[in-house]
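A structural walkthrough
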Amino acid sequence: MSSLIGLEAVTGIALKFAIEGKLTSAEEIETGHINSTWKVGFETEDGEVRRFILQRINASVFKDPMGVMRNVERVTRHINERVMRKKEDVSGQTLALYPGRDGRFWVPDEADGIWRCYNFIEGCRTYDVVENEGQAYQAARAFGAFQDLVSDLSPELLVETIPGFHDTRSRYEHLMAVVEENACGRVAEVGEELAFIREREGEVDRVLNLLGRGDIPLRITHNDTKINNVMIDEASDEAVCVIDLDTVMPGSVLYDFGDLVRTAVSPAEEDETELSKIVVRMPIFEALVDGYLSSAGGFLNDSEVTNLAFSAKLITLEVAMRFLTDHLEGDRYFKIHHAGHNLERCRAQLRLVAELEGKMGEMEACVLDRVKTLS
Ligand code: A2G
């Protein structure tokens, strides 16, 4: 469903940013599940067209949109400084925020919403489905490089934009509470999905326990490393930067690597309804491991490495639980494009969990093999 924000409102907001020229186009981008995003074009007097991304932060998901903006500004500034200081792996860079006419990096709207503006990188695009190993390698390298670039940013400088975001135990308990309540009367139709999830309850604590025992460290992580959150240069297929920093906060790198595998390893979309199309492409998984280790291999500890393959299954289960929870609560969190969309997304994720389980031995062996090659 496209957002309820009209073209006129977007035009009004666009003009509040310090962009030279006349607004000539505005088009909504409907791929994201959370914020409302528009691509706008401005033409200067000498006929040059420049494009920008305008985004309204979803305030029912991000309860403190100003805190989100402060995080994004901090992280962006930190990365820019580091990249300027040394020649680092620049694929972990991020988009530049564009200021409003008053110099701040955000602009309010009449409904108390917060908008920001990014430069649009011409010649680059994002992929919802990875087409080849090269793209997988590049995307994974970029997220590892991003984690490296923020590794020396003090966690106290960042707010937790969504508390308990990857607390898989709370996600499980919340789903069970929502099932108990059955507010929309939808529980009867999801018996199979619930049984599948309940059988795997024991696994939701694994990363939390590792964190609790100190076996894996809390690091600053991206936390929403979907494959379509990396911009890829269309001509060279190289990763250019990482986008969507709204959930950058302390977390485990395992959720980042896992979410990348979740969204890259299968040739099917996240909401595929023909479940037989959902499979684990081992060459893509290998490329993700290689790409990630090429930039993150230097700082991961042994427990992190040992759990890389498992992390893909865990985050896929987490996201399935979240889609199911939202379906049962009446589709209040994720944007949907038709009735039942969240249930379809949940079913696709659960199928992927099953496929990942079938390949877990091979995936773990692949990680070990790649680590040996590195050392
Ligand atoms: O949809 C969004 O990007 C979610 N982001 C992310 O966590 C994940 O669930 C994804 C599924 O496609 C937020 O909830 C902020």
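The present account deals with the structure reproduced in this document. (Residues numbered from 1 in each chain as written. Predicted model: local features only at pLDDT ≥ 70, side-chain atom pairs only at ≥ 80, totals over all residues. Heavy atoms only, no water.)

In this section: the pattern of salt bridges. Applying the stated criterion to the full structure yields 23 salt bridges. Residues Arg104 and Asp102 are paired through a salt bridge, measuring 2.9 Å at the closest nitrogen-oxygen approach. Owing to a relative accessible area of 47%, Asp102 belongs among the partly exposed residues under this scheme. Between Glu329 and Arg332 there is a salt bridge, and its shortest N-O distance comes to 3.5 Å. (Salt bridge = Lys/Arg side-chain N within 4 Å of Asp/Glu carboxyl O. Buried < 20%, exposed > 50% of the residue type's maximum accessible area, 1.4 Å probe, protein only.)

Before going further, it helps to spend a moment on the side chain of Thr316. Position of Thr316 among the secondary structure elements: in helix α10 (residues 308–329). Discounting residues that sit within four places of it in the chain, Thr316 has contacts with Arg262, Gln349, Leu352, Val353 and Leu356. (Helix = DSSP H or I, 4+ residues; strand = E, 2+ residues; numbered from the N terminus. Contact = heavy atoms within 4.5 Å.)

Here the focus is the site of the ligand. Near the ligand lie 14 residues; those nearest to it are Asp224, Lys226, Glu270, Arg322 and Tyr333. A distance of 3.3 Å separates an oxygen atom of the ligand from a polar side-chain atom of His33. A distance of 2.9 Å separates an oxygen atom of the ligand from a polar side-chain atom of Asp224. Tallied by class, residues from the shell around the ligand come to 7 nonpolar, 2 polar and 5 charged. (Near = heavy atom within 4 Å. Polar contact = N/O pair within 3.5 Å; in protein donor to acceptor, adjacent residues only side chain to side chain. Nonpolar A, V, L, I, M, F, W, Y, C, P; charged D, E, K, R; others polar.)

One non-glycine residue with positive phi stands out, namely Asp112, at about 65°. Inspection of the secondary structure assignment puts Asp112 in the loop between β4 (107–108) and β5 (114–119). Phi is positive for Asp237, which is not a glycine, with a value near 65°. With a relative accessible area of 22%, Asp237 lands in the partly exposed category.

Looking at chain direction, strand β6 (residues 124–125) and strand β8 (residues 230–233) are connected through 2 bridges and run antiparallel. Looking at the pairing, Arg125 lines up with Ile232 of β8. Both β8 and strand β9 (residues 239–242) contribute to a ladder of 3 bridges, which runs antiparallel. The residue of β9 that forms the bridge with Val230 is Val242. Counting the residues that bridge the hairpin from β8 to β9 gives 5 residues, and of these Asp237 lies at a positive phi of roughly 65°. (Pairing = 2+ DSSP bridges.)

So, about the sheet that holds β9. The strand order across the open sheet built from 3 strands is β6-β8-β9, with neighbouring strands paired in antiparallel fashion. What marks the edges here is a single partner per strand, and that holds for β6 and β9.

Let's shift gears to the state of the cysteines. Counting across every chain of the model gives 0 disulfides. Looking at Cys184, it has no disulfide partner, and the nearest cysteine sulfur is the one in Cys346, 15 Å off. Residue Cys184 is classed as partly exposed on the basis of its relative accessible area, which comes to 37%. Of the cysteine sulfurs around Cys241, a residue in no disulfide, the closest is that of Cys124, at 7.0 Å. Taking relative accessible area as the criterion, Cys241 reaches 3% and is therefore assigned buried. (Disulfide = S-S within 2.5 Å.)

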